[in-house]
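Descriptive structure summary
Okay, here's what each chain looks like letter by letter:
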Amino acid sequence: MDIGMIRGLGTVVVLVAFVGLALWVFSPRRKQDFDEATQLPFADDPEATRHLEQARASRSKQQ
């Protein structure tokens, strides 16, 4: 094996990892987990929590 083959295999490994990560991040099954994670900075703020609950209630009524 020469250095070119090792670099090529390294590129393939990184490409597969990138595609796998992109599929995991943009998977519809993960949307709820990521939506909850985006609200973590506001967890201690009662007004933000109330606003979030109102938004969830209105969203569930629309569906």
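Parameters at a glance
- Within each chain, residues carry numbers counting from 1 in the order of the written sequence.
- Residue-level local features of this predicted model are given only where pLDDT is at least 70; pairs of side-chain atoms are given and counted only at 80 or more, and the full residue set underlies all totals for whole chains, interfaces and linings.
- Side-chain metrics rest on all non-hydrogen atoms present in the structure, leaving aside hydrogens and water.
- Patches in this entry comprise residues that are over 30% relatively accessible and not in a salt bridge; like charges within 9 Å are linked, as are nonpolar side chains (Val, Leu, Ile, Met, Phe, Trp, Tyr) within 5 Å.
- Areas reported as accessible are Shrake-Rupley estimates using a 1.4 Å probe. Residue values count occlusion only from the protein chains shown.
- By definition, a salt bridge exists where a carboxyl oxygen of Asp or Glu is found within 4 Å of a side-chain nitrogen of Lys or Arg.
- Only DSSP runs of H or I reaching four residues or more are called helices, and only runs of E reaching two or more are called strands; each is numbered from the N terminus.
- Burial status follows relative accessibility: with a 1.4 Å probe on protein chains alone, a residue under 20% of its type maximum counts as buried, one over 50% as exposed, and anything between as partly exposed.
- A pocket, in this scheme, is an open set of points on a 1 Å grid over the protein atoms alone with protein on both sides within 12 Å along at least 5 of 7 lines, while a cavity is a set where a 1.4 Å probe fits but cannot get out; residues line either one if an atom lies within 4 Å of a point.
- Grid points are joined across faces, edges and corners, and a volume is the space filled by probe spheres set on the points.
- UniProt positions are given in the numbering used here, feature names are shortened, and annotations may be inferred rather than shown by experiment.
- The criterion for an aromatic pair is that two Phe, Tyr or Trp rings (for Trp, the six-membered ring) have centres within 6.5 Å, with stacked assigned to planes under 30 degrees apart, edge-to-face to planes over 60 apart and tilted to the rest.
- Here, over-ring charges are defined by two tests on the NZ atom of lysine or the CZ atom of arginine: distance to the ring centre within 6 Å, and angle to the ring normal within 35 degrees.

An unreviewed UniProt entry lists the protein under the name Cbb3-type cytochrome c oxidase subunit 3, with Pseudomonas xantholysinigenes given as the organism.

1. A few points about a nonpolar patch on the surface
Side chains of Met 1, Ile 3, Met 5, Ile 6 and Leu 9 sit close together on the surface and give an oily, nonpolar patch of about 560 Å² of accessible area. Structurally, Ile 3 can be placed in helix α1 (residues 3-25). Given the relative accessible area of 53%, Ile 3 is considered exposed.

2. Thoughts on the layout of surface pockets
Estimates place the volume of the largest pocket at around 250 Å³. Surrounding the largest pocket, 11 residues form its lining, Gln 32, Asp 35, Leu 52, Arg 56 and Arg 59 being those nearest its centre. Contributions of two or more residues to the lining of the largest pocket are made by α2 (31-38) and α3 (46-62). In terms of residues, the lining of the largest pocket owes the most to one element, α2, which gives 5 residues.

3. Points about the UniProt feature "transmembrane region" (unreviewed entry) in the protein
The UniProt entry lists residues 6-26 under the feature "transmembrane region" (unreviewed entry), expressed in the numbering used here. Annotated as 95% helix and 0% strand, the span residues 6-26 places its first and last C-alpha atoms 30 Å apart.

4. Digging into the packing of aromatic side chains
Counted by the stated rule, this structure contains 1 aromatic pair. A ring pair is formed by Trp 24 and Phe 34, whose centres lie 5.7 Å apart and whose planes are at 85°; its orientation type is edge-to-face. Note that Trp 24 is positioned in helix α1 and Phe 34 in helix α2, a separation of 10 residues in sequence. When its relative accessible area of 29% is taken as the criterion, Phe 34 is described as partly exposed. Across the ring face of Phe 34, the terminal group of Arg 30 is positioned such that the distance to the ring centre comes to 5.2 Å.

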